Amino acid sequence: MDIIHEKRSRMQEANYLHNDLISSLLSLRGDDNATLLSDQEIVDNVRTVMVAGHDTSSTVLTFLTRHLANDPVVYATILKEQEDIAISKSLEGVLTWEDLAKMKYTWRTTLEILRMIPAVFAGFRRTRKDIEFGGYLIPKGWQVCWAANMTHMNDSIFPEPSKFDPSRFENQASIPPYCYVAFGGGPRICPGYEFARIEILVTMHYLVTRYTWKLCCKDNKFSRDPMPIPTQGLPIDIEQKNKL
Ligand code: HEM
């Protein structure tokens, strides 16, 4: 709340450049120029973005790091994809949109990690009219919970659901709508999808091309709180590689 009060008073100053989240939320105005969000709603939105924007991507990166250390075939395929991109660039060349578009296998592997271990395991929706589902009547106004795991492990949608197989995502159009819901779906689908894709692909690029790592502990389990976390954390032994 203190930060919100401080931002509000600073926004009165001439030439105050506000391009941060709190200032943007404070600037939202309705048709009658009245503020749209209360201070508490601003706090809630900032909290949502912090959790939704950080814990999700870090969870996926954690499980990718663990999976790659345990799966030499997937690791070798990602390494080849990323090394081909690195070799095609000058020494200091930064990654471009075109490079990201070439990271197809790395992204499919990420989607498969998220299928088996969705960062957000469930969400809620409210019914806008009576609906019948699976022989049950769900009355208008009820809150329903959609659980990603239930859909992602349904073998009529994803055959052999316990098998780790990034090739499932080679033809994404073949997956029926609302059946892959790691990023949710509909009007409230994750607005951070593209940003998450960029940060995960860029991180994986530098991780595999510049470092090697080994897991310090063999435990392959995880628990949820509510994000999935390896039960023993993920201690790794990491070393820098020689430059390509
Ligand atoms: C791998 C990374 C991520 C995953 C798996 C993920 C997943 C999700 C899911 C499942 C939802 C609920 C969508 C729904 O109800 O249909 C959601 C909502 C949201 N995500 Fe993400 N997310 C990720 C990254 C991010 C990032 C990087 C940001 C912001 C920088 C972000 C911001 C949000 C916000 C603000 C919402 C709430 C949207 C709303 O209620 O309208 N997410 N995310």
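Residues numbered from 1 in each chain as written. Predicted model: local features only at pLDDT ≥ 70, side-chain atom pairs only at ≥ 80, totals over all residues. Heavy atoms only, no water.

- In the nomenclature of an unreviewed UniProt entry, the protein chain is known as Cytochrome p450 of Thalictrum thalictroides.
- The UniProt entry for the protein chain carries the following comment under Cofactor (unreviewed entry): "heme". (UniProt positions renumbered as here; feature names shortened; annotations may be inferred.)

## What to know about the overall build of the protein chain
Then, in step 1: The secondary structure content of the protein chain amounts to eight helices and eight strands.
Then, in step 2: Expressed as lengths along the three principal axes of its C-alpha atoms, the size of the protein chain is roughly 60 × 60 × 35 Å.
Then, in step 3: Taking all 244 residues of the protein chain together, the buried fraction comes to 33%.
Then, in step 4: Restricting the contact set of the protein chain to residue pairs at least 6 apart, pairs at least 24 apart contribute 61%. (Helix = DSSP H or I, 4+ residues; strand = E, 2+ residues; numbered from the N terminus. Buried < 20%, exposed > 50% of the residue type's maximum accessible area, 1.4 Å probe, protein only. Contact = heavy atoms within 4.5 Å.)

## Some thoughts on the coordination of the iron atom of the ligand
Then, in step 1: Protein coordination of the iron atom of the ligand is limited to a single donor, Cys-190 (SG), which sits 2.3 Å from the metal.
Then, in step 2: Relative to the assigned elements, Cys-190 resides in the loop between helix 7 (148–152) and helix 8 (193–210). (Donors = N, O, S within 2.8 Å, 3.2 Å for Na, K, Ca; no water.)

## Things to note about helix 6 (residues 104–116)
Then, in step 1: Its 13 residues place the ends of helix 6 19 Å apart at the C-alpha level, agreeing with the 18 Å of an ideal helix rising 1.5 Å per residue.
Then, in step 2: With respect to burial, helix 6 is a largely interior element, 11 of its 13 residues being buried.
Then, in step 3: Within helix 6, burial applies to Tyr-105, Thr-106, Trp-107, Arg-108, Thr-109, Thr-110, Leu-111, Glu-112, Ile-113, Leu-114 and Arg-115.
Then, in step 4: Looking at the packing, one finds that the buried side of helix 6 touches helix 3 (39–70), helix 4 (72–87), helix 7 and helix 8. (Expected span 1.5 Å × (residues − 1).)

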